[in-house]
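# Fold and contact review
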Amino acid sequence: MANGYDLAVVGAGIVGIGVALAAVRQGKKVVVIERNAKAVGASIRNFGFVTISGQKAGAHWERAMRARDIWSEIVDEAGIAVIHRGLVMPARRPEAAAVVDAFLKTPMGEKCRLMTKAEAGDLVPSLRLDGVETILYSPHELRVESSEALPKLAAWLEARHKVDFRWNTAVRAIEGTRIETSHGTIEADAVVVCPGDDFSTLFPDVIARHPLTICTLQMLRVTPAQPSRFGAAVMSDMSLARYEGFADLPEGQTLGKRLDIEEAESRAAGIHLIAVQSADGSLVVGDSHVYGNAQQPFASERFDQLILDEFDRVFDLPGRTVVNRWIGTYASSKERTVLVERPADHIRLVMVTGGTGASTGFALGEQVIGDLYSSTSRSWE
């Protein structure tokens, strides 16, 4: 090596972690530079839900499948608990049932199936299934606790793969192989910048070429009055009309039009339903989506109520209480699912632009490292 490291990764969120993992698997000496004392952004303020079914058809769905495999390869070694696996989606409207039927006929429906009410009720006993005739089951998904998984991934990379982590260190500039930080200069032959939703610190001119916004979302932690087991994640009709792998189907468009009338306020707030369980029995529930040129700093009580209204339509959990509320933010684009730019031959700028970092970040990391160390460019969409 001409310099101190083969690769410097700027940002210790899930995308940066994915890039670092892919690099050390190729024998690279890696340093990860993070401006905070630990990961505090979108990578820990999410469902910890590695979502496959519903991802945009094509390259992004394939990334999700590969990322799921990588998660499965490393969770035991990194000491990360998989709390539950799979996804249940009851279709409460005929239009939603049509989306499920159409989805199962696509390549993305591989290994997914219809399940009976008895099967769904056994897996998630609190589901309201009166009048529901069509229930999608996907076996692909897995659920981890993000706030625990990210620190464990960093610790594992440091202990097992000798990755150096520089916490509380801000990168001010990158000049050739010199990375100027708040704690001095770091030398690296190559650099991958994973800025999350920071559009202004590094390569702002490159980022400005793309019509990006910042999505602010609201999420809740709900405690059932009585213990209630979730053997899988649950999504609803609202998700079938939002996740691109479903919503882009003609049947998804039809469902969306009905929901635009019946659930106009929720649709305007970008609300759909995901519910996953934590080890203590509580549920992470969400979420809403508001887009703008900055994070929305003030949460809306009305959005929380709309999320809970949909939750109560899907689950029979009387007496449930909200014990925690938070917001998250991520970079968003209507044109792409990921953004990968080359500010220089040895530099990559990498962003997931749709809130799917946990679901696709590990696979994206592999692709970025392959692109960085290969003379062949690739298509990302």
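Residues numbered from 1 in each chain as written. Predicted model: local features only at pLDDT ≥ 70, side-chain atom pairs only at ≥ 80, totals over all residues. Heavy atoms only, no water.

## What to know about the nonpolar core
Among the nonpolar cores identified, the biggest contains 83 residues, and Leu7, Val30, Trp71, Leu153, Leu157, Phe362 and Leu364 are the most heavily contacted of them. Ignoring anything within four residues of it in the chain, the contact list for leucine 7 reads Val19, Ala23, Lys29, Val30, Val31, Ala188, Ala190, Val191, Val192, Ile369, Leu372 and Tyr373. Counting 27 residues, the second largest nonpolar core, distinct from the first, contains Leu127, Ala232, Leu273 and Phe315. (Core = buried A, V, L, I, M, F, W, Y, C linked by side-chain atoms within 4.5 Å. Buried < 20%, exposed > 50% of the residue type's maximum accessible area, 1.4 Å probe, protein only. Contact = heavy atoms within 4.5 Å.)

## A look at the packing of helix 3 (residues 94-104) against helix 9 (residues 250-262)
Axis angle and axis distance: for two packed helices, these are the angle between their axes and the distance between the axes, and together they describe the pair. In the contact formed by helix 3 and helix 9, the axes pass within 8 Å of each other and the chain directions differ by 160 degrees. Judged on the interaxial angle alone, helix 9 and helix 3 are roughly antiparallel. Classified by chirality, the crossing of helix 9 by helix 3 is left-handed. Where helix 3 approaches helix 9, its residues Pro94, Glu95, Ala96, Ala98, Val99 and Ala102 are matched on the opposing element by Glu251, Gly252, Thr254, Leu255 and Arg258. Considered class by class, the residues forming the contact of helix 3 with helix 9 number six nonpolar, two polar and three charged. (Axes fitted to C-alpha atoms, helices over the stretch in contact; angles between N-to-C directions. Helix = DSSP H or I, 4+ residues; strand = E, 2+ residues; numbered from the N terminus. Parallel < 35°, antiparallel > 145°, perpendicular 65-115°, else oblique. Left-handed = near helix turned anticlockwise from the far one by under 90°. Nonpolar A, V, L, I, M, F, W, Y, C, P; charged D, E, K, R; others polar.)

## Re the state of the cysteines
Tallying each qualifying case throughout the model produces zero disulfides. Not engaged in a disulfide, the cysteine cysteine 194 finds its nearest cysteine sulfur in cysteine 215; these two sulfurs lie 20 Å apart. (Disulfide = S-S within 2.5 Å.)

## Considering the pattern of salt bridges
Under the defined criterion, the tally for this structure stands at 29 salt bridges. The salt bridge partner of arginine 325 is aspartate 304, with a shortest N-O separation of 2.7 Å. Of the two residues, arginine 325 sits in strand 16 (residues 321-332) while aspartate 304 sits in helix 11 (residues 301-314), which places them 21 residues apart along the sequence. Judged by its relative accessible area of 42%, arginine 325 falls in the partly exposed class. Here the residues in one salt-bridge network are Arg92, Arg93, Glu95, Asp237, Arg258, Glu262, Glu263, Glu310 and Arg313, joined through shared partners. (Salt bridge = Lys/Arg side-chain N within 4 Å of Asp/Glu carboxyl O.)

## Thoughts on the UniProt feature "domain: FAD dependent oxidoreductase" (unreviewed entry) in the chain
According to UniProt, the "domain: FAD dependent oxidoreductase" (unreviewed entry) feature falls on residues 6-368. When the span residues 6-368 is considered, its composition is 33% helix and 28% strand, and the gap between its end C-alpha atoms is 15 Å. (UniProt positions renumbered as here; feature names shortened; annotations may be inferred.)

## Things to note about the pairing of strand 13 (residues 274-277)
Where burial is concerned, the two faces of strand 13 agree: the one with Ile274 and Val276 and the one with Ala275 and Gln277 are both buried. In terms of strand pairing, strand 13 meets strand 14 (residues 283-286) through four bridges, oriented antiparallel. From the neighbouring strand, isoleucine 274 faces strand 14, where its bridge partner is glycine 286. Turn length for the strand 13-strand 14 hairpin, with the two strands adjacent in sequence and antiparallel, is five residues, and the turn residue glycine 281 shows positive phi of about 95 degrees. (Pairing = 2+ DSSP bridges.)

## Structural notes on the side chain of aspartate 6
Tracing the backbone through its elements, the reader meets aspartate 6 in strand 1 (residues 5-10). Lysine 28 provides the closest opposite charge to the buried, unpaired aspartate 6, separated from it by 5.6 Å. Of the polar contacts made by the side chain of aspartate 6, one reaches the backbone nitrogen of lysine 29; its length is 2.7 Å. (Lys, Arg positive; Asp, Glu negative; His and termini not counted. Polar contact = N/O pair within 3.5 Å; in protein donor to acceptor, adjacent residues only side chain to side chain.)

## Some words on the environment of isoleucine 17
Structurally, the position occupied by isoleucine 17 is in helix 1 (residues 14-24). With a relative accessible area of 2%, isoleucine 17 lands in the buried category. Sequence separation of isoleucine 17 and alanine 190 is 173 residues, and the distance between their C-alpha atoms is 16 Å. Not counting residues within four places of it along the chain, the set of residues in contact with isoleucine 17 comprises Ala12, Leu150, Leu153, Ala154, Leu157, Phe165 and Phe362.

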